[in-house]
Amino acid sequence: CLGSADKFAVLVSGSYGYWNYRHQADVCHAYHILTLHGVRSENIILFSYDDAANSSMNPFPGKLFNKPGNNSLDVNAFCKKDYTGDLVTPENFLNVITGKAEKMNGGKVLNSTAKDHVFINFVDHGAPGLISFPNNYLFAHQLIEALEEMHLKNMYSKLVVYLEACESGSMFEGMLDDDLGVYSVTASNSNESSWGTYCPPYDKVNGVSLGTCLGDLFSVNWMQNTNSLGFNYESLETQFEVVKNLTDLSHVSRFGNFSYLSDFVSDFIGKSQQTQELPHYFKNSADSREIKLEYFYQLYKKNPTHSNAQNLIEEILTRQKENKVFSELNSKFKNHYLGNSSKVTNTVCLKAALEQYEEHCGKLSENGLKYVRVLANS
């Protein structure tokens with residue numbers, strides 16, 4: 001029965017760099033919501049590179065804010081991180097969610113049982129068939145295999161995944177079997193970007209601009225909805241419809257098992273003793289793949305030093321190089337996959353192709369991930 005189910009959560013911010021501030025703020029906000037709603041901290045496992053709060057660019061050292069305003073919550077103050085820096089890897093994430101304590105050197109792993117409810121929230125960059133970690137990628141087949149392993153090990157009664165990344169629908173579309181009992185919601189479909197929000201100039205906290213986007217549109221929407229009046233009695237179905245309508249720059253999608261959509265959101269992330277009607281801020285949003293370029297451009301405009309100029313030039317040159325390389329690849333293989341929506345159906349082959357590309361041409365940039373479809377279909 002629902003009353004006997006314990007609640008567990010794994011939260012992941014897979015990026016680094018102050019321009020990706022929003023990802024780390026998102027997961028720390030999620031952590032705050034879970035603990036405020038009664039989920040025990042020992043049942044929450046959080047991955048974050050953890051370089052944004054103490055970045056020299058942060059006007060509020062040690063603090064993170066997930067929305068603008070004069071009374072915004074410092075979500076970092078409540079954020080207990082289990083894996084940081086170089087420990088934020090696909091391998092560690094997979095070991096954690098499949099409960100492989102022997103591989104984590106004493107670190108926390110998921111120890112949920114067949115009666116429990118599990119919530120997984122991932123926030124970062126993505127591409128067709130993959131999501132990013134700081135120095136590597138997690139491919140769709142690897143995630144699905146891990147979910148299958150969790151199912152075989154009876155590690156949950158019901159499992160909800162909220163995934164924020166570009167082309168995040170491609171992690172599940174045509175791959176997630178209903179029989180696994182997993183319900184997944186993604187910020188976008190398989191063919192489009194997700195969006196950052198509370199971006200400059202709507203990034204001010206106590207009148208001070210942070211110079212970067214404070215959140216991601218899908219993530220901000222589901223968390224603000226969760227915090228809104230009456231959330232204790234809102235179903236997963238209702239939250240999906242509300243968040244889908246609010247996230248108006250991408251197509252929020254869902255996959256997997258829909259048999260428990262009438263269950264309350266609070267069955268998975270807890271129930272608070274208080275509700276909070278949040279003010280409706282204008283969410284100035286930006287394509288996730290353009291945020292880094294815009295960040296360096298605005299930084300140079302504000303402070304035109306040699307260092308800031310070099311960072312901007314490097315980002316522009318990287319984009320030009322990737323544009324040229326993939327245009328040539330596309331022509332050579334006559335794929336015609338630039339800008340189209342063909343499905344990535346074999347992420348095992350995609351993994352091998354991407355490894356070969358990065359070995360010879362260097363790691364793809366956040367913007368360059370939009371060309372992954374060319375590799376997948378070459």
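Because the structure is a prediction, the values reported are computed rather than measured. (Residues numbered from 1 in each chain as written. Predicted model: local features only at pLDDT ≥ 70, side-chain atom pairs only at ≥ 80, totals over all residues. Heavy atoms only, no water.)

**Q** Is there a simple way to explain the overall build of the protein chain in this structure?
**A** Assigned secondary structure in the protein chain consists of ten helices and 14 strands. Here the C-alpha radius of gyration of the protein chain, 20 Å, is about what a compact globule of 378 residues would show, namely 21 Å. The buried share of the protein chain, reckoned over its 378 residues, is 56%. When contacts within the protein chain are restricted to residue pairs at least 6 apart in sequence, long-range pairs at least 24 apart make up 77% of them. A total of about 15,700 Å² of accessible surface is found on the protein chain, and carbon and sulfur atoms cover 51% of it. (Helix = DSSP H or I, 4+ residues; strand = E, 2+ residues; numbered from the N terminus. Rg over C-alpha atoms; globule rule 2.2 N^0.38 Å. Buried < 20%, exposed > 50% of the residue type's maximum accessible area, 1.4 Å probe, protein only. Contact = heavy atoms within 4.5 Å. Areas by Shrake-Rupley, 256 points an atom, 1.4 Å probe, with all protein chains shown as cover.)

**Q** I'm lost on the layout of surface pockets in this one. Help?
**A** Rolled over the atoms, a probe sized like a water molecule indicates the empty space that remains. In this model, the largest pocket occupies a volume close to 510 Å³. In terms of lining, the largest pocket is formed by 23 residues, of which the most central are Pro-200, Ser-209, Gly-211, Thr-212 and Gln-298. Of the residues forming the lining of the largest pocket, the biggest block, seven residues, is contributed by helix α7 (residues 291-302). In terms of residue class, the lining of the largest pocket is made up of eleven nonpolar, seven polar and five charged. In terms of lining, the second largest pocket is formed by 23 residues, of which the most central are Tyr-16, Lys-292, Leu-364, Ser-365 and Glu-366. Those elements that place two or more of their residues in the lining of the second largest pocket are α7 and α8 (306-332). The element best represented in the lining of the second largest pocket is α8, accounting for five residues. Grouping the amino acids of the lining of the second largest pocket by side-chain chemistry returns eight nonpolar, eight polar and seven charged. (1 Å grid on protein atoms, 1.4 Å probe; cavity = no way out; pocket = protein on both sides within 12 Å on 5 of 7 lines; lining within 4 Å. Points joined across faces, edges and corners; volume = space filled by probe spheres on them. Nonpolar A, V, L, I, M, F, W, Y, C, P; charged D, E, K, R; others polar.)

**Q** Just to check I follow, could you spell out the packing of helix α4 (residues 217-227) against helix α5 (residues 236-246) for this structure?
**A** In helix packing, the relevant descriptors are the interaxial angle and the interaxial distance, both defined with respect to the helix axes. At their nearest, the axes of α4 and α5 sit 9 Å apart, and the two run at 135° to each other. Between α4 and α5, the angle is such that the two are oblique. When the axes of α4 and α5 are compared, the crossing they make is right-handed. Facing Phe-218, Asn-221, Trp-222, Asn-225 and Thr-226 of α4, the residues of α5 in contact are Gln-239, Val-242, Val-243 and Leu-246. Of the residues in the contact of α4 with α5, the class split is five nonpolar, four polar and no charged. (Axes fitted to C-alpha atoms, helices over the stretch in contact; angles between N-to-C directions. Parallel < 35°, antiparallel > 145°, perpendicular 65-115°, else oblique. Left-handed = near helix turned anticlockwise from the far one by under 90°.)

**Q** So what exactly am I meant to see when it comes to the state of the cysteines here?
**A** Formally, a disulfide is one covalent bond, and it connects the sulfur atom of one cysteine to the sulfur atom of another. Taken as a whole, this structure holds two disulfides when the rule is applied. The disulfide that involves Cys-28 links it to Cys-79, with 2.2 Å between the sulfurs. With the S-S dihedral at roughly -75°, the linkage between Cys-28 and Cys-79 falls on the left-handed side. Here Cys-28, found in helix α1 (residues 21-36), pairs with Cys-79, found in the loop between β2 (44-48) and α2 (90-97); they are 51 residues apart in sequence, far enough to count as distant. (Disulfide = S-S within 2.5 Å.)

**Q** For this particular structure, what's the right way to read the packing of aromatic side chains?
**A** Two measures describe an aromatic ring pair: the distance that separates the ring centres and the angle between the ring planes. For the coordinates displayed, the defined rule picks out 22 aromatic pairs. Judged by centre distance (6.0 Å) and plane angle (85°), the rings of Tyr-183 and Phe-258 are edge-to-face. Of this pair, Tyr-183 sits in strand β8 (residues 182-186) while Phe-258 sits in the loop between β13 (253-256) and α6 (266-269); the two residues are 75 residues apart in sequence, bridging distant segments of the chain. By relative accessible area, which is 0% here, Tyr-183 ends up buried. An aromatic cluster is defined as three or more aromatic residues linked by ring pairs; in this entry it consists of Tyr-18, Trp-19, Tyr-21, Tyr-295 and Phe-296. Sitting over the ring of Phe-258, Arg-254 keeps its end group 5.2 Å from the ring centre. (Phe/Tyr/Trp six-rings, centres within 6.5 Å; stacked < 30°, edge-to-face > 60°. Lys NZ or Arg CZ within 6 Å of the ring centre and 35° of its normal.)

**Q** Looking at this structure, I do not really get helix α3 (residues 140-152). What am I missing?
**A** Every α-helix carries 3.6 residues per turn, so stepping three or four residues along brings you back to the same face. For α3, spanning 13 residues, the distance from its first C-alpha to its last is 18 Å, which sits close to the expected 18 Å at 1.5 Å a residue. Every buried residue belonging to α3 is among Ala-140, His-141, Gln-142, Leu-143, Ile-144, Ala-146, Leu-147 and Met-150, and all of these are buried. At its buried positions, α3 is contacted by α2, β6 (137-139), β7 (158-164), β8 and α9 (347-361). Asn-154 lies just past α3 and shows a positive phi near 55°. (Expected span 1.5 Å × (residues − 1).)

**Q** Even after reading the chapter, I still don't get the side chain of His-141, so can you show me in this structure?
**A** Here His-141 lies in helix α3. Given the relative accessible area of 14%, His-141 is considered buried. Those residues within four positions of His-141 in sequence are excluded, and the remaining contacts are Met-175, Thr-347, Val-348 and Lys-351.

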